[in-house]
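# Coordinate analysis (summary)
Read off the chains here:
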Amino acid sequence: MTDASINTQTIQPEAGFGDYVALLKPRVMSLVVFTALVGLLAAPVGVHPMIGFASILFIAVGAGASGALNMWWDADIDAVMKRTAKRPVPAGKVEPGEALAVGVALSGFAVVMLALASNMVAAGLLAFTIFFYAVIYTMWLKRWTPQNIVIGGAAGAFPPMIGWAVATGGIGLESVLMFLLIFMWTPPHFWALALFMNADYEKAGVPMLTVTHGRRVTRNHILAYTLLLAPLAIGTGFTSIGGPVYLAVAVVLNALFLIGAVRIWRRDEATSQDDKYKVEKSFFGLSLLYLFLHFGAILAEAALRPYGLGGWG
Amino acid sequence: MSLRAEHELHRRRAGRNIGLALVLLGFIAIVFGLTVVKVTSGNPMQAFDHVSRPEIIPGAAPAQGD
């Protein structure tokens with residue numbers, strides 16, 4: 001064998017550090033960090049900053065671990081969809097087995113460390129969230145029912161409850177309301193996306209509501225969930241985590257969200273195609289702002305409380 | 001044709017090793033910080049250590065000579 005023959009051999013591409021980070025879905029992690037932090041800071045009991053910081057970090061690692069498990073299981077459909085084809089596993093940068101190993105190892109690590117840093121309730125909720133996202137949603141519901149994102153949305157709704165549990169060691173009405181806010185927000189958010197990204201889901205054979213029941217039914221569902229979400233979001237303003245700031249933000253945002261949902265409901269497919277889903281896309285953009293500002297307002301109430309300004313006095 | 005000492009693969013592997021080193025150092029710092037906070041937060045730290053210690057049983061009478 002000569003030097004030349006060695007150099008002609010194909011070297012398997014090795015993953016860089018960034019590819020392993022991408023496996024943890026950093027954008028989803030950032031949302032988890034934000035909502036868990038709001039849950040932690042809105043709680044009536046304070047925690048030491050170091051314990052709070054470490055707990056949020058372990059919650060984020062747990063969320064990342066469930067993302068890695070999701071990428072391991074869904075590599076086949078991720079490869080088909082344009083939006084997900086560049087993820088590390090379908091792109092061939094990370095082996096599926098590695099994604100599984102990273103997911104399982106980090107899940108155990110995150111749960112044990114959160115138990116040590118804070119308490120067993122928070123750690124138990126994190127373990128349940130990882131199980132719910134990886135097994136109930138990814139492995140079971142996603143490819144089986146068009147209600148996949150309704151029930152799967154629960155996984156994304158747990159972080160503020162975990163943050164609350166880190167501070168209080170339990171579950172309260174307010175933490176359940178924060179859970180419900182994300183839980184009820186998820187369907188209109190994702191179905192608006194599905195209305196203008198339908199081709200991707202159809203190609204991958206994922207039973208999104210738009211694929212199984214058509215766009216008319218999806219539009220009806222978006223309106224129904226938005227109607228249920230509005231009283232819940234505004235009602236939260238009258239609990240201990242709410243206050244005048246939150247209430248003002250919630251009333252304005254829910255009015256805008258309702259107007260958007262009604263506009264989507266009144267449109268037919270031909271109109272949407274004519275303007276390239278302009279209304280659906282702006283509703284999707286608004287939905288991102290909706291969640292961010294609701295939790296931002298809860299955070300503002302918590303930040304104002306030490307100065308006697310937050311909450312209802 | 002000569003073998004190159006440095007390959008793109010080496011650079012990527014070095015990046016991965018440095019990344020992992022930083023993660024491990026960060027983890028050490030966090031565990032250290034948590035330990036300091038837990039130890040100094042005032043919770044009772046004494047426990048049974050193979051020997052009965054009546055003084056740490058809640059409600060137990062103080063030992064003679066105390």
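Residues numbered from 1 in each chain as written. Chains lettered and ligands numbered in written order. Predicted model: local features only at pLDDT ≥ 70, side-chain atom pairs only at ≥ 80, totals over all residues. Heavy atoms only, no water.

Here we take up the packing of helix H3 (residues 26–42) of chain A against helix H9 (residues 159–168) of chain A. Residues and elements named next belong to chain A. Where H3 meets H9, the closest approach of the two axes is 7 Å, and the angle between their N-to-C directions is 40°. With respect to the hand of their crossing, H3 and H9 are arranged in right-handed fashion. When H3 is examined against H9, the residues Val32, Thr35, Ala36, Gly39, Leu40 and Ala42 are found in contact with a partner set consisting of Pro159, Pro160, Gly163, Trp164, Val166 and Ala167. Broken down by class, the residue content of the contact of H3 with H9 amounts to nine nonpolar, three polar and no charged. (Axes fitted to C-alpha atoms, helices over the stretch in contact; angles between N-to-C directions. Helix = DSSP H or I, 4+ residues; strand = E, 2+ residues; numbered from the N terminus. Left-handed = near helix turned anticlockwise from the far one by under 90°. Contact = heavy atoms within 4.5 Å. Nonpolar A, V, L, I, M, F, W, Y, C, P; charged D, E, K, R; others polar.)

Okay, the environment of Gly237 of chain A next. Residues and elements named next belong to chain A. Following the sequence through the fold, Gly237 ends up in the loop between helix H13 (214–235) and helix H14 (244–266). We classify Gly237 as buried; its relative accessible area is 0%. Separated by 61 residues in sequence, Gly237 and Ile298 have C-alpha atoms that sit 8.7 Å apart. Ignoring any residue separated from it by four or fewer positions in sequence, one finds Gly237 in contact with Gly242, Gly243, Tyr246, Leu247 and Trp312. (Buried < 20%, exposed > 50% of the residue type's maximum accessible area, 1.4 Å probe, protein only.)

Next up on the list: the interface of chain A and chain B. Facing the 22 residues of chain A at the interface are 19 residues of chain B. In total, about 1700 Å² of surface goes out of reach between chain A and chain B, with carbon and sulfur atoms giving 72% of it. Across the contact surface, chain A and chain B share zero salt bridges. Counting every contact that joins chain A to chain B gives three residue pairs in polar contact (both at pLDDT 80 or more). Mapped onto the side of chain A that touches chain B, the elements with two or more residues apiece are helix H1 (3–8), helix H2 (17–22), helix H4 (49–73) and helix H6 (96–117) of chain A. Here the side of chain A that touches chain B gets six residues from one element, more than from any other, and that element is H4 of chain A. Residue classes in the side of chain A that touches chain B are distributed as 15 nonpolar, five polar and two charged. (Buried area = accessible area lost by both parts, 1.4 Å probe. Salt bridge = Lys/Arg side-chain N within 4 Å of Asp/Glu carboxyl O. Polar contact = N/O pair within 3.5 Å; in protein donor to acceptor, adjacent residues only side chain to side chain.)

Right, let's get into the side chain of Thr129 of chain A. All names here are of chain A. Within the secondary structure, Thr129 is located in helix H7 (residues 120–141). Its relative accessible area of 10% is what places Thr129 among the buried residues. Setting aside residues up to four positions removed in sequence, Thr129 forms contacts with Ala155, Phe158 and Ile162.

We now examine the domain arrangement of chain A. Residue and element names in this part refer to chain A. Domain annotation for chain A reports domain 1 (15–171) and domain 2 (172–313). Computed over C-alpha atoms, the centres of domain 1 and domain 2 are 22 Å apart. Residue-level contacts link 32 residues of domain 1 with 34 residues of domain 2. Where domain 1 abuts domain 2, roughly 2800 Å² becomes buried across the two surfaces, and 78% of that area is made up of carbon and sulfur atoms. Our count for the domain 1 to domain 2 interface comes out at zero salt bridges. Elements that contribute at least two residues to the side of domain 1 that touches domain 2 include exactly H3, helix H5 (75–80), helix H8 (148–157) and H9. Considering each element in turn, the side of domain 1 that touches domain 2 owes the most residues, eight residues, to H8. Each residue belonging to the side of domain 1 that touches domain 2 can be placed in one class, and the counts come to 20 nonpolar, eight polar and four charged. (Domains from an automatic or database assignment.)

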